[in-house]
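# Chain and residue survey
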Amino acid sequence: MKADGSTYLSLAGFFAVLSLFAIGGGNSAVPEMHRYAVDVQHWLTDQQFGDTFALAQLTPGPNLIIVALIGYHVAGVLGAVVTISAMCGPSCVFAFFIGSAAERFRGMVWHNVLSRALIPVTLGLTASSAAVIATTADYNWIAAAITLATALTAYFMRVHPLWAFAVAALLGACGLI
Amino acid sequence: MTSPPIPGSTATPAANPSPSPAAAPQPVRPTLAELFIAFATISLSGFGGVLAWSRRMMVEERKWLTPEQFNETYALCAFLPGGNIINFSVIFGLRIRGAAGSAVAVAGLMGPPVLLVMFVGAIYAHYGDVPALRRMLTGVAAAAVGLLVATVAKMAQPLFRSSTITAPLISLATFISIGIVHWPLPLVLMVIVPVSIAVAWARL
């Protein structure tokens, strides 16, 4: 894809704003990334977005590195650097100042209120991520069975996620998906 | 010199050590290079979230934080915007070595995986259309959806066990507006978060 100045500007602007709205960690912001990158900008197709999410899961590191992958897809190495910097910059500066002041805030009522208020929202956002990724993936009944089996295994047992990914990838490689 | 105060240390600055027995061995103060290597290692050993790895290294192996300090710092980071572990690196680095510590910790955490992910992106750009690769990635995405579903189920348990209906309603409203209707996140949060805060405040 050809990238010009306005592409970098859109990447930087969008992810800088998203940085401050990504509550509950990287996965909560996935639906918004999909809305903007696929539906608004048409930078990626649904299938490519699902692939990008899968690749980010397979790469070690914080979940948020998916944004570097999106940036790379849109505008190469510079796109990846611009995107990840925009996604981390504002929230890191915010964390820095809160961290400097945290001793003063600790134990205050709002800490308790805020954490209780954000948990149900984070829950809704995580469920949204699952729904959005599920709609991008080309589901047949075996893919649906993988989702169900992984959900049950992860809920009832302590299994490393790489095992689930390895089995799922193997089934895909065998042409079952 | 004693260690500087670390977030979540049970009460007070180092000048007035906490009486808690858990805090008795003073946490070790790492250098900038050690910070960078620690966060790079955490980052590269963590697939699908790095919390478990950061806890193991910070608390069990290097003893830079007591379990209580780790929990409190992490609780603070969990409700700041942005990646939880990224915020953790910012605040931990800050407490240990000031602004330079923050920068080094974030660089250690993000630098290696970003380089790695660009390499992955380059491979995908070349081979992304190969049907077998596509099917493998679809399988991985399907498994990742399963992991998210399990996370949701675990988070929902305590929420739905309480007698009030408001928290589940807030979750449901968030899910419908973001996951189904696909409204923009900032707009939805600017409505739902104040409502959720008001509800939490009223139930104090």
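Here goes a summary of the coordinates provided. (Residues numbered from 1 in each chain as written. Chains lettered and ligands numbered in written order. Predicted model: local features only at pLDDT ≥ 70, side-chain atom pairs only at ≥ 80, totals over all residues. Heavy atoms only, no water.)

### Here's the deal with the interface of chain B and chain A
Many authors give the size of an interface as the accessible area that is lost as the parts come together. Residue-level contacts link 91 residues of chain B with 97 residues of chain A. Across the chain B to chain A interface the summed buried area is about 8100 Å²; carbon plus sulfur atoms make up 77%. Connecting chain B to chain A are 1 salt bridge. Arg134(B) is paired through a salt bridge with Asp51(A); the nearest N and O atoms lie 3.2 Å apart. Counting across the interface, chain B meets chain A through 13 residue pairs in polar contact (both at pLDDT 80 or more). Taken together, the elements giving at least two residues each to the side of chain B that touches chain A come down to α1 (32-45), α3 (67-78), α4 (84-127), α5 (131-161), α6 (166-180) and α7 (185-202) of chain B. The biggest single contributor to the side of chain B that touches chain A is α5(B), with 26 residues. Its residues assigned to classes, the side of chain B that touches chain A comprises 62 nonpolar, 23 polar and 6 charged. (Contact = heavy atoms within 4.5 Å. Buried area = accessible area lost by both parts, 1.4 Å probe. Salt bridge = Lys/Arg side-chain N within 4 Å of Asp/Glu carboxyl O. Polar contact = N/O pair within 3.5 Å; in protein donor to acceptor, adjacent residues only side chain to side chain. Helix = DSSP H or I, 4+ residues; strand = E, 2+ residues; numbered from the N terminus. Nonpolar A, V, L, I, M, F, W, Y, C, P; charged D, E, K, R; others polar.)

### Remarks on the layout of surface pockets
Quantified by volume, the second largest pocket comes out at close to 290 Å³. Together, 15 residues line the second largest pocket, and Leu20(A), Ile23(A), Leu118(A), Phe79(B) and Pro81(B) are the ones closest to its centre. Mapped by element, the contributors of at least two residues to the lining of the second largest pocket are α1 (5-21), α4 (66-105) and α5 (109-136) of chain A together with α7 of chain B. In terms of residues, the lining of the second largest pocket owes the most to one element, α7(B), which gives 4 residues. Here the lining of the second largest pocket is composed, by residue class, of 15 nonpolar, no polar and no charged. (1 Å grid on protein atoms, 1.4 Å probe; cavity = no way out; pocket = protein on both sides within 12 Å on 5 of 7 lines; lining within 4 Å. Points joined across faces, edges and corners; volume = space filled by probe spheres on them.)

All quantities given are derived from atomic positions and should not be read as evidence of function.
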